[in-house]
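These are the residues of each chain, in order.
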Amino acid sequence: MTTSALAPLPFPFALYRGGRLIGGSIRYESWGTLSADKDNAILLFTGLSPSAHAASSSNDPQPGWWEGLIGPDAPLDTNKFCVICVNSLGSCFGSTGPTSLDPLTGSPYAESFPDIALEDIASGGCAVLDSLGIAKVQAVIGPSLGGAVVLAFVAMYPDRAHRLLSISGTMAASAHAIALRSIQREAVSSDPVTGLRLARKLGTISYRSTKEFKQRFQRERSKTGRDFAIEDYLEQQADKFAGVFDPVSYLRLSRAIDLFDLNEHGPPAQLFESAKLESALVIGVEEDWLFTIDEQADLVHALQAAGVTVEFQRLSSLYGHDAFLAESVRFGAIIERWLTRQTL
């Protein structure tokens with residue numbers, strides 16, 4: 001059974017850094033059947049840009065952003081679990097965001113949309129669970145931005161998840177990553193159209209590894225009038241992204257990543273101890289220089305200090321930060337083994 005629906009936010013919805021939203025909602029998709037006791041759910045948060053459409057279904061046959069990981073006998077096995085993926089608050093794919101109509105004016109929020117925090121995205125996920133009557137999920141899972149949102153979720157809602165899985169996330173963004181994203185935001189603020197394209201090109205460079213670009217492109221010349229093939233690739237990525245993503249959504253979500261600091265909620269080890277997590281899985285990539293392997297190790301140490309049984313998978317991948325997308329089969333096998341061990 002697959003569902004695409006909207007869950008209402010509390011009315012009004014108080015934002016973590018001030019301000020509020022009136023009549024907001026969160027778009028989500030789910031796969032599998034919720035058990036009678038509503039105790040078999042998995043909550044999935046996304047990276048910065050994806051929608052809630054993580055996997056195809058008979059209702060929507062378009063491939064999802066984590067295609068192959070969700071379904072019958074897949075790593076997130078819908079014979080066992082009801083998998084719920086939420087579109088982030090502030091995004092432009094169905095959840096309330098800058099492209100939504102402001103009920104006070106009847107016009108799109110656009111630049112008047114307030115600042116959001118990763119904590120607000122976590123609260124959006126909690127609102128979805130509340131709308132479905134789910135008290136506690138088997139696991140809360142997220143990659144990239146979502147890998148940080150899951151930490152906010154367990155800090156704010158310590159009784160709502162049995163297990164945690166963070167993939168290439170962070171407890172607080174590094175100065176290096178903040179510097180990169182600040183340039184991306186400056187470009188978008190200066191020129192929403194051209195700037196969004198430039199931001200995506202810079203992002204693509206940060207998502208992948210030097211080794212991959214060397215192996216894949218070398219100094220191959222362009223066939224389209226540019227100098228090099230790598231320029232063609234970046235142009236293609238910019239075309240795809242700028243055609244579907246809203247510039248103000250990009251600004252709000254990018255800034256939310258940089259402002260997130262788990263320590264605002266207290267010492268991480270104490271937060272994880274309060275959450276009484278049964279287990280955790282942390283996956284990081286050695287070649288990821290956006291959310292580094294050292295940041296994953298710091299998270300593991302905090303979980304261990306809390307007495308949480310934690311598995312740390314340090315992977316090497318040409319695909320860098322994007323490995324969870326580019327090597328979904330590999331990541332799926334790790335996730336499936338972990339879930340199977342934990343839920344036997």
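As shown above, the structure is provided for reference.
Notes on the structure in this doc start here. (Residues numbered from 1 in each chain as written. Predicted model: local features only at pLDDT ≥ 70, side-chain atom pairs only at ≥ 80, totals over all residues. Heavy atoms only, no water.)

Digging into the overall build of the chain
Then comes step 1: A count of helical and extended segments in the chain gives eleven helices and twelve strands.
Then comes step 2: Whereas a compact globule of 344 residues would reach a radius of gyration of roughly 20 Å, the chain reaches 19 Å, a difference of no more than 12%.
Then comes step 3: With respect to the principal axes defined by its C-alpha atoms, the chain has extents near 60 × 50 × 45 Å.
Then comes step 4: Within the span of the chain, comprising 344 residues, buried residues form 57% of the whole.
Then comes step 5: Counting contacts in the chain only where the partners sit at least 6 residues apart, residues at least 24 apart contribute 71% of the total. (Helix = DSSP H or I, 4+ residues; strand = E, 2+ residues; numbered from the N terminus. Rg over C-alpha atoms; globule rule 2.2 N^0.38 Å. Buried < 20%, exposed > 50% of the residue type's maximum accessible area, 1.4 Å probe, protein only. Contact = heavy atoms within 4.5 Å.)

Regarding the environment of Leu180
Then comes step 1: Inspection of the secondary structure assignment puts Leu180 in helix 3 (residues 175-190).
Then comes step 2: Owing to a relative accessible area of 13%, Leu180 belongs among the buried residues under this scheme.
Then comes step 3: The spatial distance from the C-alpha of Leu180 to the C-alpha of Gly203 is 8.3 Å, given a sequence separation of 23 residues.
Then comes step 4: Apart from the residues lying within four places of it in its own chain, the contact partners of Leu180 are Leu202, Ser206 and Leu290.

Points about the packing of helix 1 (residues 118-132) against helix 2 (residues 145-156)
Then comes step 1: Viewed as axis vectors pointing N to C, helix 1 and helix 2 meet at an angle of 70 degrees, and their least axial separation amounts to 8 Å. As judged from the angle between their axes, helix 1 and helix 2 are roughly perpendicular. Of the two elements, helix 1 crosses helix 2, and the hand of that crossing is right-handed. Packed against helix 1, whose contacting residues are Leu118, Glu119, Ile121, Ala122, Ser123, Cys126 and Leu129, the element helix 2 presents Leu145, Ala148, Val149, Ala152, Phe153 and Met156 at the interface.
Then comes step 2: Class assignment of the residues belonging to the contact of helix 1 with helix 2 gives a composition of eleven nonpolar, one polar and one charged. (Axes fitted to C-alpha atoms, helices over the stretch in contact; angles between N-to-C directions. Parallel < 35°, antiparallel > 145°, perpendicular 65-115°, else oblique. Left-handed = near helix turned anticlockwise from the far one by under 90°. Nonpolar A, V, L, I, M, F, W, Y, C, P; charged D, E, K, R; others polar.)

What about the sheet that holds strand 11 (residues 279-285)?
Two orientations exist for strands paired in a sheet by backbone hydrogen bonds: parallel and antiparallel.
Then comes step 1: An order of 1-4-8-5-9-10-11-12 is seen for the eight strands of this open sheet, with the pairing classed as mixed. Edge positions in the sheet fall to strand 1 (2-8) and strand 12 (310-315), since each of these pairs with one other strand and no more. If you compare each strand with its neighbour and ignore which way they point, the axes differ by 15 degrees on average.
Then comes step 2: Helix-sheet contacts for helix 9 (residues 293-305) involve strand 10 (163-167), strand 11 and strand 12, and the interaxial angle to strand 11 is about 165 degrees. (Pairing = 2+ DSSP bridges.)

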